[in-house]
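This is what each chain is made of:
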Protein chains: 2
Amino acid sequence: MSGEEESGGVVSSAKLAPDLSVKRPREEEENGGGGGSVCVEMEDNNKEELACFSSLIPGWFSEISPMWPGEAHSLKVEKILFQGKSNYQNIVVFQSSTYGKVLVLDGVIQVTERDECAYQEMIAHLPLCSIPNPKKVLVIGGGDGGVLREVSRHSSVIQIDICEIDGMVIDVSKQYFPDLAVGYLDPRVTLHVGDGVAFLRAVPEGTYDAIIVDSSDPIGPAQELFEKPFFESVSKALRPGGVVCTQAESIWLHMHIIEDIVANCREIFKGSVNYAWTTVPTYPSGVIGFMLCSTEGPPVDFKHPVNPIDENGSHTDVKAPLKFYNAEIHSAAFCLPSFAKKVIEARQMNCNAW
Amino acid sequence: MSGEEESGGVVSSAKLAPDLSVKRPREEEENGGGGGSVCVEMEDNNKEELACFSSLIPGWFSEISPMWPGEAHSLKVEKILFQGKSNYQNIVVFQSSTYGKVLVLDGVIQVTERDECAYQEMIAHLPLCSIPNPKKVLVIGGGDGGVLREVSRHSSVIQIDICEIDGMVIDVSKQYFPDLAVGYLDPRVTLHVGDGVAFLRAVPEGTYDAIIVDSSDPIGPAQELFEKPFFESVSKALRPGGVVCTQAESIWLHMHIIEDIVANCREIFKGSVNYAWTTVPTYPSGVIGFMLCSTEGPPVDFKHPVNPIDENGSHTDVKAPLKFYNAEIHSAAFCLPSFAKKVIEARQMNCNAW
């Protein structure tokens with residue numbers, strides 16, 4: 001993995017499956033199903049020489065985090081395909097026995113081949129189907145390419161910028177997740193490897209119709225993407241009536257984080273501020289949410305999509321059809337259980353039309 | 001646990017927290033967090049003397065089943081509160097560190113205090129809010145009492161019958177889950193301990209306005225509740241335009257089971273046949289579905305509830321307010337991801353109104 005790619009340079013074209021200069025797992029780790037834990041050997045000389053990949057179930061990956069104490073989802077590991085440490089995080093790819101290939105960043109599942117459709121399709125189409133003719137789209141994070149794949153289904157789009165901080169994520173995805181990294185093949189895509197916060201600050205005011213923030217959790221490299229100055233930059237980079245969709249955690253687990261995000265967004269976004277959510281089985285609690293906001297300008301009614309996807313409009317022919325998203329599930333995503341509604345929908349988010 | 005209660009007798013009144021004649025866990029098992037597996041000692045002399053409660057993670061409960069191969073959800077155990085073997089299944093109650101008390105039947109989580117609201121409220125109110133003035137309601141299974149608690153929110157209801165096969169589940173719930181078993185306090189409730197299939201066969205034709213089938217998975221004592229003869233009995237026991245709601249597994253995991261259920265229901269129920277779903281974090285894949293069908297007669301449009309809940313109408317004052325259900329989430333529950341819609345909604349279940 002070259003240091004240049006991780007330090008903020010611009011790589012404008014991308015090809016699938018480059019040779020990765022990262023080390024391969026040891027033979028005994030590739031089996032995955034033995035009696036001991038599957039461990040990841042670090043590349044630097046930190047005090048912790050081995051970060052246990054699964055400290056709980058031998059031969060399984062267990063997702064344990066202070067973000068969801070007292071519970072763990074585990075997947076049976078067939079084979080470890082990749083492990084490395086970038087400048088930002090630990091990266092593991094394994095072949096699971098029933099969820100396809102799995103991408104893990106700092107011990108947290110980001111993508112499984114079996115259920116990634118739910119997350120990628122919803123985070124992309126909830127904002128893009130809510131405004132007519134989106135043209136310029138920015139993706140922050142999302143280095144695996146899955147969101148790009150979805151954005152590029154929209155034929156009105158002429159420019160797709162992506163700013164991912166961790167070049168190793170991009171290369172790993174191109175090697176192991178071609179169905180996600182296919183998004184990079186679209187000629188409208190320009191890849192910027194660097195810090196999304198700094199990138200946004202440099203964007204001329206009013207540039208984008210839509211910004212999609214596909215971040216990991218607010219512990220680790222994505223922390224700033226949940227803070228107020230970042231949302232202020234997003235707002236400035238959007239045109240009037242432009243929209244943002246950010247990953248916004250789980251109503252079952254992170255109500256206090258969501259409350260903070262909602263409060264920040266209400267201060268900053270003078271159009272509409274909405275919370276939507278979807279099922280993703282391999283995310284903690286089985287759901288993930290999104291903040292959907294618009295800037296002052298032409299009003300945006302996120303709950304009633306105005307811009308259906310033309311499945312023939314894609315610029316590349318290698319994408320599979322939509323698996324998850326449709327107009328009904330778009331609207332349904334904004335309806336919340338009462339316990340969450342009470343906190344989130346104090347004012348703006350009535351589902352009156354139902 | 002008395003054998004009479006399990007063999008099909010009728011117990012018409014119920015009080016909370018009876019003395020249970022079941023044995024308490026051994027001291028060393030109560031700690032739950034030691035170095036070894038937490039095991040359940042069987043009460044009979046089967047070949048397997050110990051059924052491991054968690055064979056994989058010491059101090060944690062792991063839910064492993066051929067129904068969801070290759071994955072496991074685990075909860076940290078603070079203390080085992082109860083373990084027993086009824087005539088039908090192994091029953092465990094433990095205090096988890098972050099999900100409250102947990103009821104486990106044959107190794108599968110049925111209820112956690114933290115997320116039970118989603119399941120109980122949806123399985124009860126999806127059918128009962130879809131018809132005007134339900135009067136007679138039958139619950140099959142649901143021995144924990146949570147569905148009764150929800151049914152009894154409906155002031156129009158004059159008769160609530162419940163037929164649960166396993167008396168030990170009822171008594172365990174009364175002892176450890178008073179917020180569920182509170183449902184038994186309603187004077188409209190009549191408890192029948194026995195086989196739901198046999199019970200239904202003996203019900204005079206056209207008796208009930210609504211039948212709710214709160215079953216465990218189709219492996220074990222609930223198997224018959226997923227088969228065609230059972231649905232035929234349900235249909236006969238309902239009045240014209242009466243409704244049934246049955247637990248119907250996960251679209252992420254059990255599409256083939258769901259397909260069979262849908263096919264059976266389409267043959268048998270001449271009104272409408274619909275699939276709805278909801279989030280329940282501690283159920284496999286984080287979601288659970290419901291089949292909602294009506295018999296020939298006054299048409300039922302499940303997607304547009306006609307019978308809101310009068311939260312002041314309850315006959316008992318000890319129930320907490322609704323946490324999950326509302327009219328918007330009722331309608332949203334019928335909108336499915338495209339991959340599931342394709343299979344399930346071939347004909348009847350368009351979300352046209354959205």
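Residues numbered from 1 in each chain as written. Chains lettered and ligands numbered in written order. Predicted model: local features only at pLDDT ≥ 70, side-chain atom pairs only at ≥ 80, totals over all residues. Heavy atoms only, no water.

An unreviewed UniProt entry annotates chain A as spermidine synthase of Coptis chinensis. Database annotation for chain A, UniProt heading Pathway (unreviewed entry): "Amine and polyamine biosynthesis; spermidine biosynthesis; spermidine from putrescine: step 1/1." (UniProt positions renumbered as here; feature names shortened; annotations may be inferred.)

Caption draft 1: Structural detail: the packing of helix 8 (residues 228–237) of chain B against helix 9 (residues 255–268) of chain B. Residues and elements named next belong to chain B. Orientation of helix 8 relative to helix 9, taken along the N-to-C sense of each, is 40°, at an axis distance of 10 Å. Here helix 8 lies oblique to helix 9, going by the angle between them. Helix-helix and strand crossings are classified by hand; for helix 8 and helix 9 the assignment is right-handed. For the pair helix 8 and helix 9, the contacting residues are Lys228, Phe231, Glu232 and Ser235 in the first and Ile261, Asn264, Cys265, Glu267 and Ile268 in the second. For the contact of helix 8 with helix 9, a count of residues per class yields four nonpolar, two polar and three charged. (Axes fitted to C-alpha atoms, helices over the stretch in contact; angles between N-to-C directions. Helix = DSSP H or I, 4+ residues; strand = E, 2+ residues; numbered from the N terminus. Parallel < 35°, antiparallel > 145°, perpendicular 65-115°, else oblique. Left-handed = near helix turned anticlockwise from the far one by under 90°. Contact = heavy atoms within 4.5 Å. Nonpolar A, V, L, I, M, F, W, Y, C, P; charged D, E, K, R; others polar.)

Caption draft 2: Summary view of the interface of chain A and chain B. Of the residues lining the interface, 42 residues belong to chain A; the matching set on chain B comes to 43 residues. Note on chain A versus chain B: buried area summed over both sides is about 3,500 Å², and carbon and sulfur give 61% of it. Between the two partners, chain A and chain B, sit two salt bridges. Glu328 of chain B is the partner of Lys341 of chain A in a salt bridge, and the nearest nitrogen-oxygen pair spans 2.4 Å. For the side of chain A that touches chain B, the elements supplying multiple residues, two or more each, are strand 5 (71–85), helix 3 (116–128), strand 14 (273–279), helix 10 (327–332) and helix 11 (338–344) of chain A. For the side of chain A that touches chain B, the element with the most residues is strand 5 of chain A, which contributes six residues. Grouping the amino acids of the side of chain A that touches chain B by side-chain chemistry returns 24 nonpolar, 11 polar and seven charged. (Buried area = accessible area lost by both parts, 1.4 Å probe. Salt bridge = Lys/Arg side-chain N within 4 Å of Asp/Glu carboxyl O.)

Caption draft 3: Quick peek at the UniProt feature "active site" (unreviewed entry) in chain A. All names here are of chain A. Residues given the UniProt feature "active site" (unreviewed entry) here are Asp214. Inspection of the secondary structure assignment puts Asp214 in strand 12 (residues 208–214). On the accessibility criterion, Asp214 (9% relative accessible area) is buried. Among all residues touching Asp214, those that are not within four sequence positions of it are Tyr119, Gln120, Ile123, Ile140, Gly141, Gly142, Asp144 and Val147. There is a polar contact of 2.5 Å between the side chain of Asp214 and the side chain of Tyr119. (Buried < 20%, exposed > 50% of the residue type's maximum accessible area, 1.4 Å probe, protein only. Polar contact = N/O pair within 3.5 Å; in protein donor to acceptor, adjacent residues only side chain to side chain.)

Caption draft 4: Molecular detail of the confidence of the model for chain A. Residues and elements named next belong to chain A. Overall, the predicted model of chain A reaches an average pLDDT of 83, with 79% of residues at or above 70. In the predicted structure, residues 1–52 sits below a pLDDT of 50 and forms 115 contacts with residues beyond four places in sequence or in another chain. Predicted confidence is poor over residues 347–354, with pLDDT under 50, and the contacts of this stretch with residues over four places away or in other chains come to 24 contacts. Predicted complex, confidence summary: ipTM 0.84, pTM 0.85. (pLDDT = per-residue confidence, 0-100.)

Caption draft 5: Structural view of the UniProt feature "domain: PABS" (unreviewed entry) in chain A. UniProt marks residues 58–295 of chain A with the feature "domain: PABS" (unreviewed entry), using the numbering shown here. When the span residues 58–295 of chain A is considered, its composition is 27% helix and 36% strand, and the gap between its end C-alpha atoms is 49 Å.

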